[in-house]
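# Per-entry structural report
Okay, here's what each chain looks like letter by letter:
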Amino acid sequence: MTASWIPQEPRAGTNLKGAAAGAAWTYLLDRMEARRVLCVGKPGEATLRTLKRIASEIDVTDAGTLTRPGLTVRSRSAPLYDLVIVPTSVPAGRRDAVLAAAVARLAPAGVVWAEAGDGRTLAAAMAGAGLPLRRAYWLTPRAGELRSAVPPDDDAIRRYFVSRGVTVPSLPRPLAPIERRWPTAASRRVGVVGARGRQSDARAVPAYLRELALGAGIDLERHRIGLSARGRFSSRKVITYCFAERADRPDLVVKMTRDPAFNDRLENEEDLLRHIAADGLVDPGTAPVARFAGVHAGLRVLGLDAIDGVPMTRVADVETLDRAFLWLTDLGAASARRDRESASALRTAIAAVGDAVLRTYAPEPAVASALTQAVSLVSAKADRIPSVLMHGDCAIWNAMVNADGRVAFLDWEAGARGAPPLWDLFSLARSHVAARSGVLRAPRSRRPAAFVTSITSDDQICRAVMRYRHRLAIPIEVVAPLAAIGWGFRALREAPRLEPGRLGRGVYIGMLRSALDPRSMDDLQRRLSGPQASAV
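Note that this is a predicted model, so its numbers are computed, not measured. (Residues numbered from 1 in each chain as written. Predicted model: local features only at pLDDT ≥ 70, side-chain atom pairs only at ≥ 80, totals over all residues. Heavy atoms only, no water.)

Turning our attention to the overall build of the protein. Across its full length, the protein holds 18 helices and 17 strands. Computed over C-alpha atoms, the radius of gyration of the protein comes to 26 Å, within 12% of the 24 Å expected from 2.2 N^0.38 for 536 residues, which places it in the range of a compact globule. Counting only C-alpha atoms, the protein reaches 80 × 45 × 45 Å along its principal axes. When each of the 536 residues of the protein is scored for burial, the buried share is 55%. When the accessible surface of the protein is summed, it comes to about 23300 Å², and 51% of that surface belongs to carbon and sulfur atoms. Taken together, the 76 basic and 55 acidic charged side chains of the protein have centroids lying 5 Å from each other. (Helix = DSSP H or I, 4+ residues; strand = E, 2+ residues; numbered from the N terminus. Rg over C-alpha atoms; globule rule 2.2 N^0.38 Å. Buried < 20%, exposed > 50% of the residue type's maximum accessible area, 1.4 Å probe, protein only. Areas by Shrake-Rupley, 256 points an atom, 1.4 Å probe, with all protein chains shown as cover. Lys, Arg positive; Asp, Glu negative; His and termini not counted. Charge placed at Lys NZ, Arg CZ, Asp CG, Glu CD.)

Right, here's the structure in full:
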C-alpha cells in the first residue's frame, strides 16, 4: 500500500496563485453560515467565491436602489437577510440611509458587515440605524481583500502583528518605520460587525471558536483576537491569534482552512502533532501542541499553543541555522525506524514518488532514466535506511527562534510518519539558500541549477548532512539519490500551483533534473567524502 502522504495524481492548476477565497472578514462573525446575503454593490470574484460557499442565496443591489423610498419598510413579501454587506464604496453621504435600509431588511438574528475609512463616523452611523456595534477592527491593506484585522483600541495586538510581520503593511516601504512605531498612522480602513440585540465586547472571540475551544475545556470568553489572512493560494490558512486578557502575546493560535478541499491538511497536522507530543519526540516549546479541533461551516479548525519568538527569516547567523539542522537531526534519530516493515514501506514510497513524477511531468528520457536508477539504488539499500517522521515543508519561513535561541518549527500540515530521511534537512537548506544567496536574482530558468549548486558548495550544509548521516547510520552512497528523489517529491507538491502548460518550468522539477545530472551527483558525493566529513 502506498503511503498516504505521497501525491499520486497531482493536478496542475488546482491551487493557482490569486485563486484564494476572499471575504476573510467572515471568520470574524459569530457564525459563518448565512441563508440569504445582500451585497450593496457588486462583490469581487474572491469575495463571491466565499459567499457562494456559505450562502444559499445572494442578492446584489446598489445604494440608490436600496434607499429608494418605499423599499426600506418591511413587508411580508420583502426578503429578510442573515447578512448584509456594506463596503467602503458606499458614499459617506449615503451611508446612514444605506445602513437604515439594511436594518429594515435584516432577519432577527442577522448581522451587518460594514467598512469605511473613518471608524468613528461608521460607528455613529451604525448606532443611528439602531444597530448595536458588536466588534470593530482596523484592516489592512487599505483596499482590496482583507489580509489582517486587529481591534482599534488594542495597541498590544496591533504592535504584535507589526513586529512579527503578521500584518500586511499599508504604507509604502520607505515609510515602514513610521508604521512600526505608530501602527495607527497607517490605519485608514475600518470594518465593523453590527447585530441586533445587546451590544457585546468589541474584542470578543467569535462564538464558533469559543464553542469549539470550550469543548476541549478552554475558556476564551475574556480573550481578544487579531486575524491574519495572508497569502493568495487557496491552500493558505486564515489564522486567528488569541490573546488572554491584558496579555501582549497570544497564548493560542487557531488555523482554519479557506476551502474544504484542504481540510485533510489540518487533520494531518493535528494527528502528527498529537503523535509528537505523546511520544515526546521534540523538546517542549519547539513544536506546537494541538489543543482543540473541529469543523465550522464545512471548514476545518485547529487550535494550537502559540509559540513566541522571532521569525527565523530575520535571524541570519550561522549558529541559528546550525541549531535548526541539529533539531532536525535529533527528530530524525528520535523517530527513526529500521526494521523489515519500514524497509518495505520505504521501497514502496520511493517507487511511488518516482512513478508519480514520471506520470505527472513526463521528463526527458535521460532524466527519466536517471530517476529510475536513483530509485533502484535507494530501494536496494532500503534495509540500511531508516524511515523517520518528516515535517514536509521545512523552511526558515516556517520556523521561529525563541528568546533562548532555540528553533521551533511551525506548520506541520505536510508532515508524515515513515518518510525517507534527509528530505527535511535538504528542504531547510534550500530555503536558507533562497533567503541568503543571490539565487533569486538569477534568471528564472537558471535558478533550479543554482539552488542545487549552492547547496552542494555550502560547507555548513554539507557538515549538517554528514552529521545527520552519521547519527542515523545512512549509507553515504544513497545520500545524493535520496536528495534528488526528495526534489521529485517536492515537485509533486508544487504541481497544483503550476499552470498545466508550464509544468516543466517548476522550480522543483528543475532541481530534480539538476540533482540527477551525473556531475551534480559526483560533486555532492565528493563533498560529503572530503575533509569536512572526517571533522563531523
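Let's shift gears to the nonpolar core. Note that soluble globular proteins tend to have their nonpolar side chains buried in a common cluster. The biggest cluster of nonpolar side chains holds 93 residues, and the ones touching the most others in it are Trp-5, Phe-409, Trp-412, Trp-423, Phe-426, Leu-428 and Ile-485. When sequence neighbours within four positions are dropped, the list of residues in contact with Phe-426 reads Ile-455, Val-465, Val-479, Ala-483, Trp-487 and Leu-524. (Core = buried A, V, L, I, M, F, W, Y, C linked by side-chain atoms within 4.5 Å. Contact = heavy atoms within 4.5 Å.)

It is worth spelling out the pattern of salt bridges at this point. Pairs can form between side chains of opposite charge whenever their charged atoms are close. Counted according to the given criterion, the structure contains 32 salt bridges. Two residues, Arg-471 and Asp-330, come together in a salt bridge whose shortest N-O distance is 2.8 Å. Highlighted residues: Arg-471 in helix α14 (residues 459-472) and Asp-330 in helix α9 (residues 318-335), separated in sequence by 141 residues. A relative accessible area of 48% places Arg-471 in the partly exposed class. Classification of Asp-330 as partly exposed rests on a relative accessible area of 38%. As a salt-bridge pair, Asp-393 and Arg-490 come within 3.3 Å of each other at their nearest N and O atoms. Of the two residues, Asp-393 sits in the loop between β14 (388-390) and β15 (399-401) while Arg-490 sits in helix α15 (residues 479-494), which places them 97 residues apart along the sequence. Judged by its relative accessible area of 24%, Asp-393 falls in the partly exposed class. You can call Arg-490 buried: its relative accessible area is 12%. Salt bridges linked by common partners bring Lys-237, Lys-255, Glu-269, Asp-411 and Glu-413 together as one network. (Salt bridge = Lys/Arg side-chain N within 4 Å of Asp/Glu carboxyl O.)

Counting buried residues along strand β10 (residues 252-256), five of its five residues qualify, which places the element largely inside the surrounding structure. Burial of β10 is two-sided: the residues Leu-252, Val-254 and Met-256 facing one way and the residues Val-253 and Lys-255 facing the other way are all buried. As paired strands, strand β9 (residues 238-243) and β10 are joined by five bridges and run antiparallel to one another. In the strand pairing of β10, Val-238 is matched with Met-256. (Pairing = 2+ DSSP bridges.)

The next subject is the packing of aromatic side chains. One pass over the structure, following the stated rule, counts nine aromatic pairs. With a centroid separation of 4.9 Å and 45° between ring planes, the pair formed by Trp-327 and Phe-409 is classed as tilted. Here Trp-327 is found in helix α9, whereas its partner Phe-409 is found in strand β16 (residues 407-409), with 82 residues between them in sequence. The same class applies to Trp-327 and to Phe-409, which are both buried. Members of the aromatic cluster, joined through ring pairs, are Tyr-160, Phe-161, Tyr-241 and Phe-243. Its end group placed over the ring of Phe-451, Arg-430 keeps NZ or CZ at 4.3 Å from the ring centre. (Phe/Tyr/Trp six-rings, centres within 6.5 Å; stacked < 30°, edge-to-face > 60°. Lys NZ or Arg CZ within 6 Å of the ring centre and 35° of its normal.)

Take it as geometry only, folks, not as evidence of what the structure does.
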